[in-house]
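Single-letter residue listing:
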Amino acid sequence: MNEPIFHYYGNKAGVEGADQIKQVIDDATRGSEYYKRQQEKRQQVLQKVNKMQMELDSYKNNEQKIKETKEIIQNKVKEFQINTDRIWAHFDMDMFYVACELLDKPELKDKPVAVGQTIVSTANYVARKFGVRSAMPGFVAKKLCPEIIFIPCHFEKYKSVSNIFMTILKKYDDNLESMGLDEANLDLTEYINNSQEDPAILCENIRKDILLATQLTASCGVGPNKMIAKLASEINKPNGLHVVEQSATAVLNFLEKLPIRKIPGIGNITEQILSGLNFNTCKDVRDRADELYVIFTPKTFEYIFYSCWGVARNYHVEFEDQHSISCQRTFSSISTQREFEDKVDYIAEKLAEEMQSEEKVGNHLTLIIKTSKFEIRSKSLQLNQYTNQAKQIAIYGKQLLKIMQLDEPIRLLGLKMSSLANEKQIQKQSISTYFKRQIDKSSGQENLVPSIKGSKSHQITEENDSFNKMSLQQQEQSKPDILSDDEASSISNQILSGVNSKSHQSQQQQQQYQQKQQAQPKSFRCPICNKEIDCKGNNTVLNKHIDRCITQQNVIVEQSDESNRNFSGSKIKVPSKIDSKAQKSFNFFKK
DNA sequence: GGGCGATGTTTTT
DNA sequence: TTCCAAAAAACATCGCCC
Ligand SMILES: Cc1cn([C@H]2C[C@H](O)[C@@H](COP(=O)(O)OP(=O)(O)OP(=O)(O)O)O2)c(=O)[nH]c1=O
Ligand SMILES: [Mg+2]
């Protein structure tokens, strides 16, 4: 009786299977607030598609423009090549959270299991046969698979397994990138150059290592760049390997019939838009790229275009410290001011706890709420000093609450701290904020009650400074003494005209999309870390870099790169070898 | 035409 | 009977102020 009513084998599914599942989901959810909100969003997407379609229609009537655009595209196609000099691997654990839980409960192995309570984080493959998926609400999962067993989430457990996993992989690429606990992207080029091993054999051996060390299976994909390797890892999941050979034709073939939704960075919404315009596979994009060129922003266009041609980043970017720490909770709706404030207090405490254990301080706070109708709103504010104290955060949080003018029930409240710096390592303020601070202070203006539309920035002066860990004086002292005023202004002068255009610039300066050999055109030398920063005349990149350089005192190299979606960073800090730094990294993973 | 800060959207695990 | 997470990041867009 442990059989699905109808089987669902992912995209290999019989149509009826998939349809029936959709039906069950729809029946179970229709009418809810959530459902209504989703419907609204869908409508908005449709509107957007309509607008784009109209733009396209007018484009189609302009032969001249078509000719021009197609020529631009053709040139682009001629310009790039699919670089196969490097070899990447993507490792991804199978049904990770559940797999970790099953370690402790092997007797459940053949039963449908999911981790999560209200929402399923992930489900094992038994449950997936019933249509159960990540991010699905629990009650729907139950409807699809009445016998499913839910196990609550034990994050710490997954972190420690992840540690083992990452430690193994680091032997093959010490700079590996990762977007989550259960996956890692490695550039194996150097390792393979040394060992001369066959990539497939190497990766199978690594998978065995992982299995031996964790008792869990991982899948792996191999290809000439990060994106291809990631896509490949899904092919023979679970517990499988797929290699895309190191040749342009292999890459092109591999991508040809791939639904664009699979391209990392193209999610639900973009898929809807694209499919609304009749783009469904990478081939569609290749064939009709000119159409995308006229309706998308340059950035989006380039990234879709190059992805579909298999052109993506094949070198590592420097590790970046975390930009933000946040804490949010969903609860049964509340609607009184008092309740809101209590929640802020609670969340502030949680956030402070987290920040302190990470030894971080921050000076930009954001309050996030979700209404009972699933609308999300946020208010944020630049603090006058760095903090990680619960009471301090709560005070600011409540100020934001006031500004928010809540007059309807909410189901979620969260706080996010950004502009982080290390608690220990002096709270050096960033160049940009430092200068602005100065202006603010010299004006002597104290905007006590920031009005929402009055000023664009909510300058809130803390009415209770005593909680602040670092005294104002300390903060004054910590101004960028590393930087003389002369140097500072010279940096400011270096800041060129921005490049943030909505229209495609004709500057065909063959952007060295991803792929290894990047010549550095417009770059500056950072006065702090003394490294070249390829900022492409984009001062945002430069500023950000200097910001980080000052606040952390870590050395960071920014590499900007138009063709790649930059969400690809390494979110997770991984224990490195056994040096002094390893200590800190482990610390990061600990609790 | 910027730049900048706040806010909202989209994606990923 | 009802029921849809949490954390982090990158982009896009808007309004204001030069
Ligand atoms: C997709 C997703 C994953 N996760 C967690 C649970 C997953 O076990 C973990 C890794 O995500 P995934 O690697 O996407 O999924 P998975 O490892 O569970 O399954 P697969 O065999 O297909 O790789 O991240 C969430 O919490 N929410 C999500 O929406
Ligand atoms: Mg996985």
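Named according to an unreviewed UniProt entry, chain A is DNA polymerase kappa originating from Paramecium tetraurelia. According to UniProt, the comment filed for chain A under the heading Sequence similarities (unreviewed entry) is "Belongs to the DNA polymerase type-Y family."

*Asks:* So what about the site of ligand 1? Which residues, and what values?
*Replies:* Taken together, 13 residues sit near ligand 1, with Met95, Thr122, Tyr125, Arg128 and Lys237 positioned nearest. Tyr125 has a polar side-chain atom sitting 2.6 Å from an oxygen atom of ligand 1. A distance of 2.9 Å separates an oxygen atom of ligand 1 from a polar atom in the side chain of Lys237. About the coverage of ligand 1: the protein hides 66% of its 560 Å² of free accessible area. At the level of elements, β1 (88-93), α4 (96-104) and α5 (125-128) are the ones that each hand at least two residues to the shell around ligand 1. Tallied by class, the residues present in the shell around ligand 1 amount to 5 nonpolar, 3 polar and 5 charged.

*Asks:* If you had to explain the state of the cysteines to someone new, which residues and values would you point to?
*Replies:* For the coordinates displayed, the defined rule picks out 0 disulfides. There is no disulfide at Cys282, and the cysteine sulfur nearest it, in Cys308, is 3.6 Å away. Unpaired in terms of disulfides, Cys327 finds its nearest cysteine sulfur in Cys153, a separation of 14 Å. Its relative accessible area of 9% is what places Cys327 among the buried residues.

*Asks:* An account of the packing of aromatic side chains is requested, with residue identities and associated values reported.
*Replies:* In total, this model carries 12 aromatic pairs according to the counting rule given. For the pair Tyr34 and Phe374, a centre-to-centre distance of 5.2 Å together with 85° between the ring planes defines the contact as edge-to-face. On the criterion of sequence distance, the pair formed by Tyr34 in helix α2 (residues 33-60) and Phe374 in the loop between β12 (360-371) and β13 (376-387) is long-range, its members being 340 residues apart. Judged by relative accessible area, Tyr34 falls into the partly exposed class, the value being 44%. Taking 6.4 Å as the distance between ring centres and 65° as the angle between the ring planes, the aromatic pair formed by Phe96 and Tyr158 counts as edge-to-face. Linking Phe96 in helix α4 with Tyr158 in helix α7 (residues 155-170), this pair joins segments that are 62 residues apart in sequence. With a relative accessible area of 0%, Tyr158 lands in the buried category. Three or more aromatic residues joined by ring pairs make a cluster, and in this case those are Phe80, Tyr293, Phe301, Phe305, Tyr306 and Trp309. The ring of Tyr35 carries Arg42 above its face, with NZ or CZ at 5.9 Å from the centroid.

*Asks:* Break down the confidence of the model for chain A for me, with residues and values.
*Replies:* Of the residues in chain A, 70% reach a pLDDT of 70 or more, and the chain-wide mean stands at 78. Taken together, the stretch residues 552-563 has pLDDT below 50 and engages in 48 contacts with residues farther than four places along the chain or on a different chain. Predicted as a complex, the structure gets a pTM of 0.82 and an ipTM equal to 0.97.

*Asks:* Which residues make up the sheet that holds strand β4 (residues 122-123), and what values do they have?
*Replies:* The 3 strands lie next to each other as β4-β2-β6, forming an open sheet whose pairing is mixed. Here the strands that pair on one side only, and so sit at the sheet edges, are β4 and β6 (149-151). By the bridge criterion, 2 bridges tie strand β2 (residues 113-115) to β4 in an arrangement that is antiparallel. Bridge pairing in β4 links Val115 to Thr122. Contacting β2, β4 and β6, α4 runs over the sheet at an angle of about 110° to β2.

*Asks:* Help me get a handle on the UniProt feature "coiled-coil region" (unreviewed entry) in chain A, residues and values and all.
*Replies:* Per the UniProt annotation, the sites labelled "coiled-coil region" (unreviewed entry) are residues 35-79. Here residues 35-79 is 96% helix and 0% strand, with 46 Å between the C-alpha atoms at its ends.

About the cut-offs
- Residues numbered from 1 in each chain as written.
- Chains lettered and ligands numbered in written order.
- Predicted model: local features only at pLDDT ≥ 70, side-chain atom pairs only at ≥ 80, totals over all residues.
- Heavy atoms only, no water.
- UniProt positions renumbered as here; feature names shortened; annotations may be inferred.
- Near = heavy atom within 4 Å.
- Polar contact = N/O pair within 3.5 Å; in protein donor to acceptor, adjacent residues only side chain to side chain.
- Areas by Shrake-Rupley, 256 points an atom, 1.4 Å probe, with all protein chains shown as cover.
- Helix = DSSP H or I, 4+ residues; strand = E, 2+ residues; numbered from the N terminus.
- Nonpolar A, V, L, I, M, F, W, Y, C, P; charged D, E, K, R; others polar.
- Disulfide = S-S within 2.5 Å.
- Buried < 20%, exposed > 50% of the residue type's maximum accessible area, 1.4 Å probe, protein only.
- Phe/Tyr/Trp six-rings, centres within 6.5 Å; stacked < 30°, edge-to-face > 60°.
- Lys NZ or Arg CZ within 6 Å of the ring centre and 35° of its normal.
- pLDDT = per-residue confidence, 0-100.
- Contact = heavy atoms within 4.5 Å.
- Pairing = 2+ DSSP bridges.
- Axes fitted to C-alpha atoms, helices over the stretch in contact; angles between N-to-C directions.

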